[in-house]
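# Breakdown of the fold
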Amino acid sequence: MNSASAFEFSDTLKVTADFETCTSAQADCEYSFDGEKLNLVSAAVKELRPPEDEILHFAFFESVLIKADYEKYLCEELKSKADALKSYLGEFLSVTVPPEKFFLLHGDIRAAGLVYAKGKNLYEVKFFAVEIENGKISNIFPVEN
């Protein structure tokens, strides 16, 4: 359903799709056709540039969302819990910047809003913050708005 920056069609359909992320991520996907529908055969997501330090937490949440290599943002202790982080964060659809009011209440913390579907055309934003030590995320926690 997304636009493709490149494609190739032979026995399978190969598509490269660009994501609008702070790391300029791309997905390379390959699909087979069974006569009725396209079936995903393989997919790989790569981030084309590293994020600036100030937005590392956004890059992490986006990386989880697009199923990129989000473990690279985590400290060694959290890497062992990387799979559990997906269920901890839930099925969010988007990453957003918290509003100004959020920072007035909580100060200058590294936080992002994660957007969740709540119903048809109804969404909820939950805020999560991170702590960073030595350039890696060492803690992820929810923040009440």
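Attention in this report is confined to the structure presented alongside it. (Residues numbered from 1 in each chain as written. Predicted model: local features only at pLDDT ≥ 70, side-chain atom pairs only at ≥ 80, totals over all residues. Heavy atoms only, no water.)

## Observations regarding the overall build of the protein
For the record, the criterion: Only runs of H or I of at least four residues qualify as helices and only runs of E of at least two qualify as strands under DSSP, and these elements are numbered from the N terminus. Residue burial is assigned from relative accessible area. The probe radius is 1.4 Å, only protein chains are included, and a residue is buried under 20% of its type maximum, exposed over 50%, and partly exposed in between. The contact definition used throughout considers only heavy atoms, calling two residues in contact when any of these lie within 4.5 Å. The protein chains shown are the only cover counted for residues, whose accessible areas, like all others here, come from Shrake-Rupley with a 1.4 Å probe.
Counting its secondary structure elements, the protein contains four helices and eight strands. Taken over the C-alpha atoms alone, the protein extends approximately 55 × 40 × 25 Å along its principal axes. Across the 145 residues of the protein, 35% fall into the buried class. At a minimum sequence separation of 6, the contacts of the protein that also span at least 24 residues come to 38%. Carbon and sulfur atoms form 51% of the exposed surface of the protein, whose accessible area is close to 9,400 Å².

## Remarks on the packing of aromatic side chains
Condition: Classification of ring pairs uses Phe, Tyr and Trp, with its six-membered ring standing for Trp, and accepts pairs whose centres are within 6.5 Å; under 30 degrees between planes counts as stacked, over 60 as edge-to-face, and the remaining range as tilted. A ring has a charge above it when a Lys NZ or an Arg CZ is no more than 6 Å from the ring centre and no more than 35 degrees off the ring normal.
This model, assessed by the stated rule, comprises six aromatic pairs. Between Phe60 and Tyr70, the aromatic rings sit 6.2 Å apart at their centres with planes inclined by 70°, giving edge-to-face as the arrangement. Separated by 10 residues along the polypeptide, Phe60 in helix α1 (residues 56-65) and Tyr70 in the loop between α1 and α2 (76-79) bring together distant segments of the chain. Pair check on accessibility: Phe60 and Tyr70 agree, each one buried. Through pairs of rings, three or more aromatic residues link up here, namely Phe60, Phe61 and Tyr70. Seen from the ring of Tyr116, Lys126 lies directly overhead, with NZ or CZ sitting 4.8 Å from the centre.

## Digging into the pattern of salt bridges
Heads up, the condition is: Put simply, a salt bridge is a Lys or Arg side-chain nitrogen that is within 4 Å of an Asp or Glu carboxyl oxygen.
Evaluated as defined, the whole model comprises five salt bridges. As a salt-bridge pair, Arg49 and Glu52 come within 3.4 Å of each other at their nearest N and O atoms. Residue classification places Arg49 among the partly exposed positions, given a relative accessible area of 36%. Given a relative accessible area of 38%, Glu52 falls into the partly exposed group.

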